[in-house]
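# Structural characterization, general
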Amino acid sequence: MRGRPGALWPVLVASAAFAASSPLARMARPAHPIVIAFGRVAIAALVLAALDPRGLYLSVRALSLADRLRVALAGALLAGHFGLFQWGLDETSLPAAVALVSLEPLAVVLTAWGLFGIAPRRTEGWGVVVATGGAVVVSRSAGQGEHRLFGDALVLGAVVLFGFYIASARRLRDALPARHYAPLVYGVAAVALGMTIPFLSERDGAQIWPLPLHAVGMIAAIALVPTVVGHTLIQI
């Protein structure tokens, strides 16, 4: 986006949309965290696919086998990211989860550096230092109130997977437009998460089905705001 007029506004809108994710997920309780992750990507995939179903079909048909495998990999990574994040959010405090998930830009920078040799600029380097310092501060308060180290580890796992997801998405940038890539990868993520649901157990009051009406509404809100708006904008 660098150097394009008006390129800042998608970042600002996406950031505001991301900020709603954790509070909405907490409000979706007692829904099981994996069910929340499944619902958000399934609804997002359906909404975005409905905007241009024919174009999406033609884009998928035009993909090579290698690109289809890359889409499957990206969807699996995204499923793991959302699954770990929602699970971690359920196992630690809301402030800790929000602080730790803000390390996602750090994961993207390090993954781009490690896999593609794209060294971070000076400002990105300072961002890495500040974000890492914040994570250390957050981890020191583990065990207080709802804050648990196990939940922190799950959120950090989600952060790492997000870096690899963005790296895999880079390889698909020229294969299909973002408006078709997003519903396709969300759909693959939904299938991956959906396959795990029969093996879940309703632990600690976390419900799989049926869900209270307010939980369904919150999952739909997570799908429309942080996912359709937030995650889709950063891929444009």
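These notes cover the structure that comes with them. All values derive from a computational prediction rather than experimental measurement. (Residues numbered from 1 in each chain as written. Predicted model: local features only at pLDDT ≥ 70, side-chain atom pairs only at ≥ 80, totals over all residues. Heavy atoms only, no water.)

## Let's talk about the packing of helix α5 (residues 65-91) against helix α10 (residues 178-194)
Helix-helix packing: each pair is described by the crossing angle between the helix axes and the interaxial distance. Where α5 meets α10, the closest approach of the two axes is 7 Å, and the angle between their N-to-C directions is 60°. Classified by the angle between their axes, α5 and α10 sit oblique to one another. Here α5 runs over α10; the crossing is right-handed. Packed against α5, whose contacting residues are Val71, Ala72, Ala74, Gly75, Ala76, Leu78, Ala79 and Gly83, the element α10 presents Tyr181, Leu184, Val185, Tyr186, Val188, Ala189, Ala192 and Leu193 at the interface. (Axes fitted to C-alpha atoms, helices over the stretch in contact; angles between N-to-C directions. Helix = DSSP H or I, 4+ residues; strand = E, 2+ residues; numbered from the N terminus. Parallel < 35°, antiparallel > 145°, perpendicular 65-115°, else oblique. Left-handed = near helix turned anticlockwise from the far one by under 90°. Contact = heavy atoms within 4.5 Å.)

## Concerning empty space enclosed by the protein
Counted by the stated rule, this structure contains one cavity of 30 Å³ or more. The calculated volume of the largest cavity comes to roughly 60 Å³. What lines the largest cavity is Ala25, Arg26, Arg29, Ala31, Pro33, Ile36, Gln86, Leu89 and Asp90. Of the residues belonging to the lining of the largest cavity, the class tally is five nonpolar, one polar and three charged. (1 Å grid on protein atoms, 1.4 Å probe; cavity = no way out; pocket = protein on both sides within 12 Å on 5 of 7 lines; lining within 4 Å. Points joined across faces, edges and corners; volume = space filled by probe spheres on them. Nonpolar A, V, L, I, M, F, W, Y, C, P; charged D, E, K, R; others polar.)

## Some points on the packing of aromatic side chains
Here the structure, examined in full by the defined rule, presents two aromatic pairs. Seen in terms of ring centroids, Trp87 and Phe150 are 5.8 Å apart; in terms of plane orientation they differ by 85°. Their pairing is edge-to-face. Residue Trp87 is found in helix α5, and its partner Phe150 is found in helix α9 (residues 149-170); the two are separated by 63 residues along the sequence. (Phe/Tyr/Trp six-rings, centres within 6.5 Å; stacked < 30°, edge-to-face > 60°.)

## Looking at the pattern of salt bridges
Applying the stated criterion to the full structure yields three salt bridges. Asp90 serves as the salt-bridge partner of Arg29, at 3.2 Å between the closest nitrogen and oxygen. Pair noted here: Arg29 is in the loop between α2 (21-27) and α3 (33-51) and Asp90 is in helix α5, with a separation of 61 residues, a long-range link. Looking at Arg29, the relative accessible area reads 32%, which means it is partly exposed. (Salt bridge = Lys/Arg side-chain N within 4 Å of Asp/Glu carboxyl O. Buried < 20%, exposed > 50% of the residue type's maximum accessible area, 1.4 Å probe, protein only.)

## Overview of the environment of Ala189
Looking at the element boundaries, Ala189 is found in helix α10. The exposure class of Ala189 is buried, given its relative accessible area of 0%. Along the backbone, Ala189 and Ala37 are 152 residues apart, and their C-alpha atoms lie at a distance of 9.2 Å. Discounting residues that sit within four places of it in the chain, Ala189 has contacts with Val41, Gly75, Leu78 and Ala79.

## What to know about unusual backbone geometry
One can expect most non-glycine residues to show negative phi and most peptide bonds to be in trans. Here the amide bond leading from Arg29 into Pro30 is cis, since omega sits at 15°, within 30 degrees of zero. Note on placement: Pro30 falls in the loop between α2 and α3. Note that the residue after Trp209, namely Pro210, is joined by a cis bond; omega there is -5°. Within the secondary structure, Pro210 is located in the loop between α10 and α11 (213-233).

## Considering a nonpolar patch on the surface
Residues Val47, Leu224 and Val225 make up a contiguous nonpolar surface patch of roughly 200 Å² in combined accessible area. Residue placement: Val47 occurs in helix α3. (Patch = residues over 30% accessible without salt bridge, like charges linked within 9 Å, V, L, I, M, F, W, Y side chains within 5 Å. Areas by Shrake-Rupley, 256 points an atom, 1.4 Å probe, with all protein chains shown as cover.)

## Describing the nonpolar core
Formed by 30 residues in total, the largest nonpolar core has its most connected members in Val41, Leu78, Tyr165, Tyr181, Val185 and Tyr186. Where this core is concerned, the elements lending two or more residues are α3, α5, α9 and α10. Of all the elements, α10 adds the most residues to this core, at eight residues. Discounting residues that sit within four places of it in the chain, Val185 has contacts with Val71, Ala74, Gly75, Leu78 and Tyr165. One finds Leu24, Val155, Ala158 and Met218 within the second-largest nonpolar core, a separate group that totals 19 residues. (Core = buried A, V, L, I, M, F, W, Y, C linked by side-chain atoms within 4.5 Å.)

Treat this as a map of the structure, not an account of what it does.
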